[in-house]
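If you want the building blocks of each chain, they are given just below.
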Amino acid sequence: MLVCGSIILALSLGFRQCFGIFLKPMSVDIGYSRETFAFALALQNLAWGITQPFTGWIADRYGASKALLIGAVAYVFGLVFMANSTTGVGLTLSAGMLIGIGIGGSSFAVIFGALGRTFDPSKRSLVLGIAGTGASFGMFAILPYSQFLIKSLGWFEALIVLAITCALMFPLSWGLTERKDFSNEKRDTKAALSEAFQHRDFWLLGLGFSVCGFQVVFILTHFAAFIQDHGLSLTTAANALAIIGFSNMIGSYLAGYLGGKYPKQYLLSLIFLLRAIVITVFIITPLSQTSIYVFSGVIGLIWLGTVPLTNGVLASVFGVRYLSTLSGIVFVMHQIGSFMGGWLGGILFDRTGSYQTVWIMTILLSVIATICYLPIREMPISDLKAELKQKATDMGQPFSSKRTQ
């Protein structure tokens, strides 16, 4: 299950990471504005986020393999239609809506939910980190693969080959068949959602995760163009994104490993503090191939480590029965941030001719996320209720479950 889940994440997230290198060749051939392409990719992230709670619920109710089949079909058709799109509307429906739904059915909420339910809590954080490493390997391997296809075949044929490669998800989904029995679970989906929505830390996790989405998608969508705008080559841009993916293989594993030893909320806070520092140093340093590669390597170490840590906190606090559903809802907030990061990058560039304003925004948002993770308590909600009930008894006051807020 871990191997199949990791490979599916490698394909799903690897394809998603490479769309930035299609921006310039498709824009030149078809005449898309940068804002049009950015909007399609921003909508992709929004569709991904909106889809996650539904595919997460399907995974929780019927098994991850069922949700993965939906994702694989949408992903393959989305890539084929993207290759054949000649208008902004076509690009929006294919690269935006269809591929967004495809990622929603084949990415973190579905895979991590299945793994979280299958593995023992003592191994859960490490297992999620290993699966996150699979996603990073996809970004590392598929970027040069896509670049090779574009250079040797052209962007149209490259998208068709990616669609054929994506079809590997169909047989891999069989490996995500779950065997755990939750027939003794007393809560239904409605009760689990109500419990989470009344919990302050659920919303703090979502707020921090939205900042992550803003930063990651801004860089994924615009970093390649940013590099080429400064006179460097497409090869340098693709190498930079691949370095991020390679570094993140190490970072995701470390995040999962450390999450099993230290409070995950403090590790999340540290990640965003480091992002603020790294981005600040990058934008005040003269741009060169060396500075780009160093930035890519360092930012990659703190790239997707937020995902296993966030899912780990959710599992620790709310349990694993409805992990895919709750993870999907938190991911909606992540993808709202993703939409804003991708779209604002295109809008502000078209208005100002520079990405400087958005880089500064990523720094300020990092500071906000650093602060918002600090008060989170990684405590099962049942233990929290017992603690609050005891305090209320000691003070001679009636206890209400809503006090978990």
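One can find the structure itself at the top, above this paragraph.
Residues numbered from 1 in each chain as written. Predicted model: local features only at pLDDT ≥ 70, side-chain atom pairs only at ≥ 80, totals over all residues. Heavy atoms only, no water.

**Student:** I'm lost on the packing of helix H3 (residues 34-62) against helix H6 (residues 108-118) in this one. Help?
**Tutor:** Two packed helices can be described by the angle between their axes and the distance between those axes. Running from N to C, H3 and H6 cross one another at 30°; their axes reach a closest spacing of 8 Å. Here H3 lies roughly parallel to H6, going by the angle between them. Where H3 crosses over H6, the two elements pack in a sense that is right-handed. Counting all contacts with H3, which are made through Trp48, Gln52, Thr55, Ala59 and Asp60, the residues of H6 involved are Phe108, Ala109, Val110 and Arg117. Of the residues in the contact of H3 with H6, the class split is 5 nonpolar, 2 polar and 2 charged. (Axes fitted to C-alpha atoms, helices over the stretch in contact; angles between N-to-C directions. Helix = DSSP H or I, 4+ residues; strand = E, 2+ residues; numbered from the N terminus. Parallel < 35°, antiparallel > 145°, perpendicular 65-115°, else oblique. Left-handed = near helix turned anticlockwise from the far one by under 90°. Contact = heavy atoms within 4.5 Å. Nonpolar A, V, L, I, M, F, W, Y, C, P; charged D, E, K, R; others polar.)

**Student:** For this particular structure, what's the right way to read empty space enclosed by the protein?
**Tutor:** Think of a ball as big as a water molecule: rolled over the atoms, this probe shows where empty space is left. Inspection of the entire model under this criterion finds 2 cavities of 30 Å³ or more. Considering only enclosed or pocket space, the largest cavity measures out at about 70 Å³ in volume. Along the walls of the largest cavity sit Arg16, Phe19, Gly20, Leu41, Gln44, Asn45, Val217, Leu220 and Thr221, which together make up its complete lining. Taken together, the residues of the lining of the largest cavity sort by class into 4 nonpolar, 4 polar and 1 charged. In this structure, the second largest cavity spans a volume of roughly 30 Å³. Lining the second largest cavity we find Arg16, Trp48, Phe108, Cys212, Val216, Leu304, Val307, Phe331 and His334. (1 Å grid on protein atoms, 1.4 Å probe; cavity = no way out; pocket = protein on both sides within 12 Å on 5 of 7 lines; lining within 4 Å. Points joined across faces, edges and corners; volume = space filled by probe spheres on them.)

**Student:** For this particular structure, what's the right way to read the packing of aromatic side chains?
**Tutor:** The description of an aromatic ring pair uses the distance of the two centres, along with the angle that the planes make with each other. Taken as a whole and judged by the stated rule, the model has 29 aromatic pairs. When the ring of Phe108 is compared with that of Phe331, the centres are 6.2 Å apart and the planes differ by 50°; the resulting orientation is tilted. Here the residue Phe108 occupies a position in helix H6, and Phe331 occupies one in helix H16 (residues 323-352), the gap between them amounting to 223 residues. Assigned by exposure class, Phe108 and Phe331 land together as buried. Ring centres of Phe218 and Tyr355 lie 5.9 Å apart, and the angle between their planes is 65°; on these two criteria the pair is classed as edge-to-face. Here Phe218, found in helix H11 (residues 200-229), pairs with Tyr355, found in the loop between H16 and helix H17 (356-372); they are 137 residues apart in sequence, far enough to count as distant. Residue classification places Tyr355 among the buried residues on the basis of a relative accessible area of 3%. Of the aromatic side chains, those joined through ring pairs into one cluster are Phe218, Phe223, Phe226, Phe282, Phe295, Phe349, Tyr355 and Trp359. The ring of Phe272 carries Arg275 above its face, with NZ or CZ at 4.9 Å from the centroid. Above the face of the Tyr322 ring, Arg321 is positioned so that its terminal group lies 5.0 Å from the ring centre. (Phe/Tyr/Trp six-rings, centres within 6.5 Å; stacked < 30°, edge-to-face > 60°. Buried < 20%, exposed > 50% of the residue type's maximum accessible area, 1.4 Å probe, protein only. Lys NZ or Arg CZ within 6 Å of the ring centre and 35° of its normal.)

**Student:** Would you mind showing me how to read the layout of surface pockets here?
**Tutor:** When its volume is computed, the largest pocket comes out at roughly 190 Å³. Lining of the largest pocket is provided by Gly251, Leu254, Ala255, Leu258, Leu267, Leu270, Ile271, Leu274, Leu301, Ile302, Gly305 and Leu309. Every element with two or more residues in the lining of the largest pocket is listed here: helix H12 (234-259) and helix H13 (264-284). Of the pockets and cavities examined, the second largest pocket occupies roughly 160 Å³. Around the second largest pocket, the lining is made up of 13 residues, and of these Phe226, His230, Leu287, Gln356 and Trp359 lie nearest the centre. When the residues that make up the lining of the second largest pocket are grouped by side-chain class, the tally is 7 nonpolar, 5 polar and 1 charged.

**Student:** Got a minute to help me understand the pattern of salt bridges in this structure?
**Tutor:** When charged atoms on two side chains of opposite charge get close, those side chains can pair. Summed over all chains, the structure comprises 3 salt bridges. With a shortest N-O distance of 2.4 Å, Arg117 and Asp60 are connected by a salt bridge. Separated by 57 residues along the polypeptide, Arg117 in helix H6 and Asp60 in helix H3 bring together distant segments of the chain. We classify Arg117 as buried; its relative accessible area is 1%. The class of Asp60 is buried, set by a relative accessible area of 7%. Of the charged contacts, one joins Arg200 and Asp201 as a salt bridge, the two residues approaching to 2.8 Å between their closest N and O atoms. (Salt bridge = Lys/Arg side-chain N within 4 Å of Asp/Glu carboxyl O.)

**Student:** Would you mind going over the state of the cysteines with me for this structure?
**Tutor:** Where two cysteines share a covalent bond between their sulfur atoms, that bond is called a disulfide. The tally for this structure, following the rule as stated, stands at 0 disulfides. Cys4 forms no disulfide, and the closest cysteine sulfur to it belongs to Cys166, at a distance of 15 Å. (Disulfide = S-S within 2.5 Å.)

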